[in-house]
Amino acid sequence: MSHILTAFNPHSPVTQAMEGLFIVTLWVCAFLFVVVAGGTAYCIFKFRAKPGDDVPPKQIMGYEPIEIIWTVVPALIVVLLLVLTYRVMGVEYPPTNQQPDITITGHQWWWEAQYPSGIITAGEFHIPVGKRMLLRLKSADVLHAFWVPELARMMNTVPGEPKDIWLEADKPGVYQGYCGEFCGDQHAHMFFKIYADSPADFAKWQQQQLKPAPQPTTPEEIKGAQLFSDMTCITCHAIKGFPTAMALKAGFSDASAEVAPNLTHLASRHTLASGVLTNNRANLTRWLTDPQKIKPGCYMPDFKLKPEQVKELVDYFETLK
Ligand code: CUA
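Figured I'd write up the structure that's included with this text. (Residues numbered from 1 in each chain as written. Predicted model: local features only at pLDDT ≥ 70, side-chain atom pairs only at ≥ 80, totals over all residues. Heavy atoms only, no water.)

**Examining the overall build of the protein chain**
The criterion, for reference: Counting from the N terminus, the helices are the DSSP runs of H or I reaching at least four residues and the strands are the DSSP runs of E reaching at least two. What the globule rule says is 2.2 Å times the number of residues to the power 0.38, and the radius of gyration is computed from C-alpha atoms. The contact criterion used is simple: two residues touch if any of their non-hydrogen atoms lie within 4.5 Å. Each accessible area value is a Shrake-Rupley result obtained with a 1.4 Å probe; residue values ignore everything except the protein chains displayed when judging cover. His is not counted, nor are the chain ends, whereas Lys and Arg count as positive and Asp and Glu as negative. Here the site of a charge means NZ on Lys, CZ on Arg, CG on Asp, or CD on Glu.
Each helix and strand in the protein chain was counted, giving eight helices and twelve strands. The C-alpha radius of gyration computed for the protein chain amounts to 28 Å, which surpasses the reference 20 Å derived for 321 residues by more than 25%, pointing to a less compact arrangement than a globule. In the protein chain, the share of contacts with a sequence separation of at least 24, taken over all contacts with a separation of at least 6, comes to 65%. In the structure as shown, the protein chain presents an accessible area of about 17800 Å², 65% of it carried by carbon and sulfur atoms. Each charge sign in the protein chain was given a centre, from 27 positive and 30 negative side chains, and these centres are 3 Å apart.

Structure below.
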């Protein structure tokens with residue numbers, strides 16, 4: 001899977017404003033560098049000691065016009081950059097006390113989204129294209145940083161202190177997201193994707209995600225669902241619509257734990273394990289066989305499942321469209 005950072009391909013008003021500010025700052029600094037370094041090089045060459053120069057050159061202390069110029073010009077440059085930065089901050093900062101459109105929580109080592117409609121999903125988040133979405137960022141454990149270089153500013157998720165940012169995409173597509181703050185073993189494997197959908201596609205996605213999971217029907221699927229509660233997957237993972245009788249048998253009233261990614265529509269996602277694996281039968285089998293081999297240190301233990309148990313679980317998980 002390719003994870004190329006593209007901060008120079010802004011697709012939202014916030015990232016466009018940030019890129020604009022960066023480019024102006026870069027040109028101002030490049031100009032200053034050329035003037036200062038060029039002037040220094042010129043003077044070194046022009047006023048270097050020549051053969052026979054054994055008297056020190058005339059010493060001059062203070063030259064008012066120059067002093068004024070090199071005080072006023074840098075001050076004006078700082079004021080210019082301050083004004084431009086202040087304008088970008090106006091675009092960047094959302095108003096306070098507004099209800100979020102999505103709440104995103106960083107976990108070791110995956111991302112979760114909760115929508116006001118009740119949708120809970122992991123790793124892949126959908127937004128309608130062209131709509132400014134207010135994100136509320138939270139952390140379930142340590143500092144993480146939510147970062148989609150093309151769509152939004154990077155923002156830390158701080159335990160106990162939610163932060164709001166804007167997220168918007170001006171073009172339909174899939175945008176890669178990262179964790180931008182070191183957060184432990186699997187920090188580098190904490191990817192997510194933002195899907196910017198047309199309003200019709202977004203409505204369709206929402207409708208589909210709001211449905212409970214389908215009931216297992218074939219004997220293998222039923223065995224898989226049974227394993228999901230017997231092997232204690234149910235202790236950490238939620239599946240909305242999970243057969244109540246099976247949950248009760250394992251001592252739970254339903255499958256609604258929020259410790260690990262919500263699996264209600266697992267099969268509708270393109271990736272597994274926080275964007276590390278493409279979601280297909282072979283990879284799901286590898287993941288369930290030994291998650292620690294793929295993401296060492298992650299909180300999904302190796303349950304030493306037998307191959308036929310893995311197969312039954314995969315059969316069941318593949319129904320979770
Ligand atoms: Cu989460 Cu780095």
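Back to the text.
**Quick notes on the side chain of Lys193**
Mapped onto the secondary structure, Lys193 falls in strand E10 (residues 192-197). Residues within four places of Lys193 in sequence aside, it is in contact with Gly123, Glu124, Phe125, Val174, Tyr175, Gln176 and Thr271.

**As for the nonpolar core**
If you look at soluble globular proteins, the nonpolar side chains tend to sit buried side by side. Spelled out, the test is: Nonpolar cores are built from buried Ala, Val, Leu, Ile, Met, Phe, Trp, Tyr and Cys residues. Side-chain atoms within 4.5 Å join them into one set. Residue burial is assigned from relative accessible area. The probe radius is 1.4 Å, only protein chains are included, and a residue is buried under 20% of its type maximum, exposed over 50%, and partly exposed in between.
Phe228, Ile239, Phe242, Leu288 and Phe317 are the most contacted members of the largest nonpolar core, which totals 32 residues. Ranked by the residues each element gives to this core, the list is headed by helix H8 (residues 307-317), at five residues. Beyond its immediate stretch of four places on either side in the chain, Leu288 contacts Met300, Leu305, Val310, Leu313, Val314 and Phe317. Grouped together as the second largest cluster of nonpolar side chains are 29 residues, Trp109, Leu137, Cys179 and Phe202 included.

**A word on the pattern of salt bridges**
Let me state the cut-off plainly: Here, a salt bridge means any side-chain nitrogen of Lys or Arg that lies within 4 Å of a carboxyl oxygen of Asp or Glu.
Evaluated as defined, the whole model comprises seven salt bridges. Arg136 is the partner of Asp164 in a salt bridge, and the nearest nitrogen-oxygen pair spans 2.8 Å. Of this pair, Asp164 sits in strand E8 (residues 163-167) while Arg136 sits in strand E5 (residues 133-139), and the two are 28 residues apart along the sequence. For the pair Asp164 and Arg136, one class covers both residues: buried. For the salt bridge of Lys223 with Glu312, the shortest nitrogen-to-oxygen distance reads 3.9 Å. Here Lys223, found in helix H4 (residues 219-230), pairs with Glu312, found in helix H8; they are 89 residues apart in sequence, far enough to count as distant. Judged by relative accessible area, Glu312 falls into the buried class, the value being 15%. Each member of the salt-bridge network shares a partner with another, and the members are Arg281, Lys311, Asp315 and Glu318.

**Digging into the sheet that holds strand E6 (residues 144-147)**
Basically, it comes down to this: Two strands pair under a simple rule: DSSP has to find at least two bridges between them. Working convention: axes come from line fits to C-alpha atoms, limited for helices to the stretch in contact. Angles between N-to-C directions cover 0 to 180 degrees.
Taken together, the five strands give an open sheet; going across it, the order is E4-E10-E9-E6-E7, and neighbouring strands pair in mixed fashion. Only two strands of the sheet have a single partner each, and these edge strands are strand E4 (124-128) and strand E7 (155-157). The sheet shows a mean angle of 30° between the axes of neighbouring strands, taken without regard to direction. Strand direction decides the pairing type here: strand E9 (residues 173-179) and E10, joined by five bridges, are antiparallel. Across the sheet, residue Gln176 finds its bridge partner in E10, namely Lys193.

**Focus: helix H6 (residues 281-289)**
What counts here: Throughout, the arc means the angular range of directions from the helix axis out to the C-beta atoms. Whenever two N or O atoms come within 3.5 Å, that pair is a polar contact, provided that in protein one can donate a hydrogen and the other can accept it, and provided that, for residues adjacent in sequence, both atoms are side-chain atoms.
All of the buried residues in H6 are Asn283, Leu284, Trp287 and Leu288. All buried residues of H6 lie within an arc of 130° about the axis, which places them on one face of the element. Against the buried residues of H6 lie strand E11 (271-272), strand E12 (277-278), helix H7 (291-294) and H8. Put simply, Asn280 is the residue that caps the front of H6, since its side-chain oxygen is 3.3 Å from the backbone nitrogen of Ala282.

**Here's the deal with the packing of H6 against H8**
Heads up, the rule is: Here is the rule for angles: anything less than 35 degrees is roughly parallel, anything more than 145 is roughly antiparallel, 65 through 115 is roughly perpendicular, and the remaining ranges are oblique. Two helices crossing with the near one rotated counterclockwise from the far one by less than a right angle form a left-handed crossing, whereas a clockwise rotation gives a right-handed crossing. Residue type decides the class: Asp, Glu, Lys and Arg count as charged, Ala, Val, Leu, Ile, Met, Phe, Trp, Tyr, Cys and Pro as nonpolar, and the leftover types, Gly among them, as polar.
Here H6 crosses H8 at 130°, and the two axes come no closer than 10 Å. As summarised for this structure, H6 and H8 are arranged oblique, according to the angle between their axes. As H6 runs across H8, the sense of the crossing is right-handed. Between H6 and H8, the contacting residues are Arg281, Leu284, Thr285, Leu288 and Thr289 on the first element and Val310, Lys311, Leu313, Val314, Asp315 and Phe317 on the second. By residue class, the composition of the contact of H6 with H8 is six nonpolar, two polar and three charged.

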